[in-house]
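Here are the chains, one letter per residue:
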Amino acid sequence: MPHDPDKADATSTDSPHRRRRPLTRKGRPTLTKDLIAQAMLDLAGVHGFRTVTMRLLAEHLGVTVRALYNYVDDRSEIVARAVQLFTEQWPAPRPEPEDWERSICEYGAALRAVYRRYPRALLVSLDEQIDDLAIGQDRLVHTDAFLGMLRTIGLDIAEAQIVHRDLALRVFAFVLLVDYRQDQGEPVMQHTPVPGLWLQAHPGLAVPHLREAVAAAPLMTVDEAFERTMHGLIVTVRDLLATAQHMR
């Protein structure tokens with residue numbers, strides 16, 4: 001078994017006031033593998049998986065590191081289960097080919113809601129080595145249903161994959177670059193192509209379009225910006241359908 005750098009903490013000498021058993025008194029939940037994995041997911045959603053050590057996890061749960069190893073073999077087991085818990089929340093699309101534009105927008109909004117709960121966890125593939133078996137079957141079934149709707153409205157399988165990939169990229173990027181920062185208190189929608197101070201430092205520079213853009217901000221709310229993002233995807237699907245009809 002690979003060496004787990006956090007496991008050294010399990011054999012360290014804890015002070016008496018910090019050594020305590022899993023939380024079981026006064027109706028508080030018993031420590032379980034799923035409770036530990038959910039805590040991992042919650043922390044990773046804010047800070048990223050790479051920063052969540054066994055010590056940080058134990059402190060968050062109010063137990064010792066030793067207590068965690070009563071339920072799991074190593075940190076990788078917790079990460080794998082946390083990924084499973086994440087994918088189990090994957091939303092089911094409501095495919096309605098006769099109203100496919102609304103179906104796509106609703107699916108995008110549902111994905112956004114799940115991603116937004118754990119934004120930094122979206123980078124798990126960059127932070128961790130994940131066994132493909134950690135992915136729940138709903139993740140597959142729901143994706144298949146979405147592809148099926150796209151096939152029903154007239155896209156071939158290659159085009160359906162293009163739309164699915166485009167949807168994933170749009171929602172993924174929006175949550176990480178806009179929602180996450182907005183939720184952290186950053187006024188994202190007030191951002192402009194360049195900071196206003198840059199223009200003030202060059203008052204005589206002929207950049208009228210930049211000055212107009214800075215003066216006009218903010219142009220929309222975060223939710224309006226997401227609607228624009230999804231509208232761009234709808235335009236892509238319309239173009240693919242029009243091209244397919246023209247080729248027939």
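Before any of the text, the structure's been laid out above.
As the structure is a computational prediction, the values presented were derived from the model and not from experiment.

**Let's talk about helix α8 (residues 157–183)**
Look at α8: 37 Å from first C-alpha to last across 27 residues, which is about the 39 Å you get at 1.5 Å a residue. When the local axis directions of α8 are compared, the greatest deviation, roughly 40°, occurs at valine 175. For α8, the set of buried residues is Glu159, Ala160, Val163, Asp166, Leu167, Val171, Phe174, Val175, Leu176, Val178, Asp179 and Tyr180. Those residues of α8 that are buried lie in contact with α1 (33–47), α5 (100–117), α7 (137–152) and α11 (222–247).

**Considerations on the side chain of threonine 229**
Looking at the secondary structure, you find threonine 229 in helix α11. Sequence-distant contacts of threonine 229, defined by excluding residues within four places in its chain, comprise Arg170 and Phe174.

**Brief notes about the packing of α8 against α11**
In the contact formed by α8 and α11, the axes pass within 11 Å of each other and the chain directions differ by 170°. If you check the angle between α8 and α11, you find them roughly antiparallel. Residues Glu159, Val163, Asp166, Leu167, Arg170, Val171, Phe174, Val178, Asp179 and Gln182 of α8 lie in contact with α11, whose contacting residues are Val222, Ala225, Phe226, Thr229, Met230, Gly232, Leu233, Thr236, Val237 and Leu240. Here the contact of α8 with α11 is composed, by residue class, of 12 nonpolar, four polar and four charged.

Quick notes on the rules
- Residues numbered from 1 in each chain as written.
- Predicted model: local features only at pLDDT ≥ 70, side-chain atom pairs only at ≥ 80, totals over all residues.
- Heavy atoms only, no water.
- Helix = DSSP H or I, 4+ residues; strand = E, 2+ residues; numbered from the N terminus.
- Expected span 1.5 Å × (residues − 1).
- Bend = angle between axes of the 7 residues up to and from the residue.
- Buried < 20%, exposed > 50% of the residue type's maximum accessible area, 1.4 Å probe, protein only.
- Contact = heavy atoms within 4.5 Å.
- Axes fitted to C-alpha atoms, helices over the stretch in contact; angles between N-to-C directions.
- Parallel < 35°, antiparallel > 145°, perpendicular 65-115°, else oblique.
- Nonpolar A, V, L, I, M, F, W, Y, C, P; charged D, E, K, R; others polar.

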